[in-house]
Structure formats: structure tokens, C-alpha cells
Amino acid sequence: MDILDFTLTELEEYLVAKKFKKFNARQIFEWIYKKQVMQFSEMSNLSKNLRAFLEENMNISSFKDQFVQTASDGTMKFLFTLADNNIIETVLMRHNYGNSVCVTTQLGCNIGCSFCASGLQKKKRDLKASEIVSQILAVEEKIQERISHVVVMGIGEPFDNYEETMRFVDIINDPYGLEIGARHITISTSGIVPKIKAFAHQDKQVNLAISLHAPNDRLRSDLMKINDTYPLRMLIDAVKYYIEHTNRRVTFEYILLDHVNDELSHADQLSDLLRGINCYVNLIRYNKVEEFSYNGSNEVRANHFHQRLLNRGITATLRKEKGGDIDAACGQLRSKKIKESDGL
Ligand code: SAH
Ligand code: SF4
């Protein structure tokens, strides 16, 4: 058993069932998440008995290997090797408001959006909470600084790995854990409607982002085949349901693909679709992926699109890319490494 898979409540219950004290769980959490002590033998305020029990029954996992690329703006890309030799990708972005980490939740992605490097590899398996938590711990260790923000926007569809993603959020948000504020955590989904509704009842102040990328069903289905299962009307209804139950504003992500979804008529359709919804639109110029013919919109087209949304009363930002001089696009670095190791 990996102790990084336990939420505080789960660890308390487990230890009590094993005749230890409930507060021992807090002590262990503090050693791991506050003091970054990864050896049970060094947890000096635990009884000998408990330390021996933990040594015997628990493990604190860490990655077998790591590879780091640093961009000129300070963005760092990590490749971590898991216990079973699979490789995952994690990104650190430096902002004036703090350090933000983008985590991976699955090995590959089954949603297979037509523009996305992450979907090039079918999902091998879901990551466990411990493997997602470890990404943050490993980055903190590397830079010797605290991570203040987390975006669940790496490889994988977090709502296709719902339970482990929620467990991860619980652990990093816990005051005895990494204490990353819920409002500083954002989960991005391609639009798995039943999970958006479930998430509405999670009672967490975590931000929700929806990858929209198109303002009508025909175009969205071309880009994201998940739209055939959960078309726009269902998706928008689920988002409204979420807002009703949480009173929280939702982010819509919209990647700008040159001459695909970046016409002013698309901006008009988008503003009609989102009118009256408590949301904002995050425009992102698409990062070129070799394997696909799509190109990112140029600056002029991106600015026109942005301005059109603003003129039509939609709150929108045009995001500046980070890490432009390294393999910046989601899943690109990992897919390159996998190809290298396959000798392609
Ligand atoms: N599977 C989830 C979360 C991971 S993807 C989702 O789809 O929301 C995180 C975001 O990066 C999504 O909005 C996705 O569409 C976007 N993305 C994927 N490839 C990209 C690329 N090459 N350039 C810019 N954004 C990309
Ligand atoms: Fe998967 Fe998200 Fe990429 Fe689509 S955009 S393939 S859902 S990771």
C-alpha cells in the first residue's frame, strides 16, 4: 500500500482500525507533506511500534527517474518514470502570483481529440492518486519552492479517472497535506457530462474548466469525438447545472485553430451559445503538433476573435503561451520520448 494514496480521513480510519491513534494520521501527513520527510524511520514523534508497522505495511512511492527541460521563461517540463517504467509528463509554470504545476492523470488518453498529442497514445491505464500527488512533491523537491497552483490539464481526461483525481485534490488541498487552496486548483475536462454533474456535488471550491473549442456540434464533433456522446446542448445543460449548485464561475477553454474555428462567425456563435452563463472564455493559440495538419491562429486572427467576443459582452482572455522554446504542447514531449525509446 502506498501512503500517498490515502486522504487524511482514510488514513485516520485505517490507523484507528489497526488500533493506533487518529491523530497519528495528522502527524504522518505533516512529515510527508509539510516537512518532505519520506522515511518512516525519520518520523521521530511516532511511536516505535507505529514506525515498525508502517515500515512493514506501507510504502512512500517516488519516481524511479526524472528528466527535466527548462525554457527561457522558466517553464520546466518533467518526465517522470513510474515504478512500472511508464513515463509521465508534468509541467511547472512560473507566474508572478506563484508556481503552478500541470499534472497528468492517465497514461495516454482515450478521448482522442483530433488535434491533441496526448490522444496519440491510447490510454494504458489510469494513474493512482499517489502518482498524481508525487508529481507535485517531485517538482517541489526539485525547485525547493512551494507550489501554489495546480492545473489538472496534463495528459489524460481527469473525469475518466474521477475517483483518483478527487482523492488527489483532497490530499493536496488538506491543511495537513500540501495545503493548496481549492480556488488555486483547476480541473479541465473534455466534457464528460455525468461527471460534471457529480462534480457539482463535491462540495469543493475547485475551479472547473471545460474544453469547448467549437461553437457548434458539427465542428465540435470533428475536433472532439466525445461530442457525439455528449453534444453541446447536454454539455451546456450540465454546466448550467454545475453553476446552479455551486454558484461558481466556469472557464471555457477555446484553442484557436487557424481557419478551422477562428472565424468571426465562430466568435458570434460562441457568444450566442454562452450568453447569460456565468463563465469566462480562455482563448489559447494552438501549439503546433507535428502529427496533425492543424496550425495555431496567427496573432492578428487571435486578437480579432478575442475582440469580437469582448464586443459581444463575453468575458475572455487571450492566454500567453509558456515554454514556447521547448516541446510546449500538451503531451508532445512524452510522445517524442516514447517514439525515441521505440526506435521510431
Ligand atoms: N483532457 C482534459 C485535460 C487535459 S488537456 C481536457 O481535454 O480538457 C488540457 C487542455 O489543453 C485542453 O483544453 C486541450 O484541448 C488543450 N490542448 C491539447 N492539445 C493542445 C495543443 N496542441 N495546443 C494547445 N492546447 C492544447
Ligand atoms: Fe484527451 Fe484532453 Fe487531449 Fe482530448 S484534449 S485527447 S480529452 S487530453
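It is worth spelling out helix α11 (residues 299–311) at this point. For α11, spanning 13 residues, the distance from its first C-alpha to its last is 18 Å, which sits close to the expected 18 Å at 1.5 Å a residue. Taken residue by residue, α11 has Arg301, Ala302, Phe305, His306 and Leu309 as its buried positions. Projected down its long axis, α11 carries its buried residues within an arc of 135°, all on one side. Turned more than 90 degrees away from the buried face of α11, the exposed residues are Val300 and Asn311.

Residues in contact with ligand 1 amount to 19 residues; listed here are only the nearest, Gly156, Ser188, Ser211, His213 and Asn287. For ligand 1, a nitrogen atom lies 3.3 Å from a polar atom in the side chain of Glu157. Here an oxygen atom of ligand 1 and a side-chain polar atom of Ser188 are 2.6 Å apart. About the coverage of ligand 1: the protein hides 93% of its 530 Å² of free accessible area.

Counted under the stated rule, the structure contains 12 aromatic pairs. A ring pair is formed by Phe159 and Phe199, whose centres lie 5.4 Å apart and whose planes are at 55°; its orientation type is tilted. Highlighted residues: Phe159 in the loop between β7 (149–152) and α5 (162–173) and Phe199 in helix α6 (residues 193–199), separated in sequence by 40 residues. Overall, the relative accessible area of 3% leaves Phe199 in the buried class. Over the ring of Trp31 we find Lys35; its NZ or CZ atom is 3.9 Å from the centre of that ring.

Let us now look at the sheet that holds strand β4 (residues 98–102). Across the sheet, 10 strands lie side by side as β1-β2-β3-β4-β7-β8-β9-β10-β11-β12; this open sheet has mixed pairing. Strands with a single pairing partner mark the edges of an open sheet, and in this sheet they are β1 (65–70) and β12 (316–319). The average angle at which neighbouring strand axes cross in this sheet is 20°, direction not considered. Relative to β12, strand β11 (residues 279–285) is paired through 4 bridges, and the arrangement is parallel. In the strand pairing of β12, Ile284 is matched with Arg319. Strands β7 and β8 (185–189) of the sheet are contacted by α5, whose axis makes an angle of about 170° with β8.

Here we come to the side chain of Lys204. Along the polypeptide, Lys204 turns up in the loop between α6 and β9 (207–211). With near-sequence residues (within four places) excluded, Lys204 lies in contact with Met166, Val169, Asp170 and Arg248.

This next bit is on the nonpolar core. Across soluble globular proteins, nonpolar side chains show a tendency to be buried alongside one another. Counting residues in hydrophobic clusters, the biggest one holds 107 residues, and the most contacted among them are Ile3, Ile136, Phe168, Phe252, Leu274 and Val281. Counting the residues that make up this core, at least three belong to each of domain 1 (3–57) and domain 2 (65–341). In this view, Phe168 contacts Val103, Ala129, Ile132, Val133, Ile136, Val150 and Val152; residues no more than four positions away in its chain are not counted.

When its domains are assigned, the chain resolves into domain 1 (3–57) and domain 2 (65–341). Using only C-alpha atoms to locate each centre, domain 1 and domain 2 end up separated by 33 Å. Between domain 1 and domain 2, the contact holds 13 residues from the first and 17 residues from the second. Buried area between domain 1 and domain 2, summed over both chains or domains, comes out near 1,300 Å², and the portion from carbon and sulfur atoms is 59%.

Here we come to the pattern of salt bridges. Within the structure shown, the criterion is met by 18 salt bridges. With a closest N to O distance of 3.1 Å, Glu145 and Arg94 form a salt bridge. With Glu145 in the loop between α4 (129–143) and β7 and Arg94 in strand β3 (residues 87–95), this residue pair connects regions lying 51 residues apart in the sequence. The shortest N-O distance in the salt bridge between Arg301 and Asp258 comes to 3.6 Å. Taken together, the positions of Arg301 in helix α11 and Asp258 in the loop between β10 (250–256) and α10 (264–274) put the pair 43 residues apart, joining distant regions of the chain.

What counts as what
Residues numbered from 1 in each chain as written. Chains lettered and ligands numbered in written order. Predicted model: local features only at pLDDT ≥ 70, side-chain atom pairs only at ≥ 80, totals over all residues. Heavy atoms only, no water. Helix = DSSP H or I, 4+ residues; strand = E, 2+ residues; numbered from the N terminus. Expected span 1.5 Å × (residues − 1). Buried < 20%, exposed > 50% of the residue type's maximum accessible area, 1.4 Å probe, protein only. Arc of directions from axis to C-beta. Near = heavy atom within 4 Å. Polar contact = N/O pair within 3.5 Å; in protein donor to acceptor, adjacent residues only side chain to side chain. Areas by Shrake-Rupley, 256 points an atom, 1.4 Å probe, with all protein chains shown as cover. Phe/Tyr/Trp six-rings, centres within 6.5 Å; stacked < 30°, edge-to-face > 60°. Lys NZ or Arg CZ within 6 Å of the ring centre and 35° of its normal. Pairing = 2+ DSSP bridges. Axes fitted to C-alpha atoms, helices over the stretch in contact; angles between N-to-C directions. Contact = heavy atoms within 4.5 Å. Core = buried A, V, L, I, M, F, W, Y, C linked by side-chain atoms within 4.5 Å. Domains from an automatic or database assignment. Buried area = accessible area lost by both parts, 1.4 Å probe. Salt bridge = Lys/Arg side-chain N within 4 Å of Asp/Glu carboxyl O.

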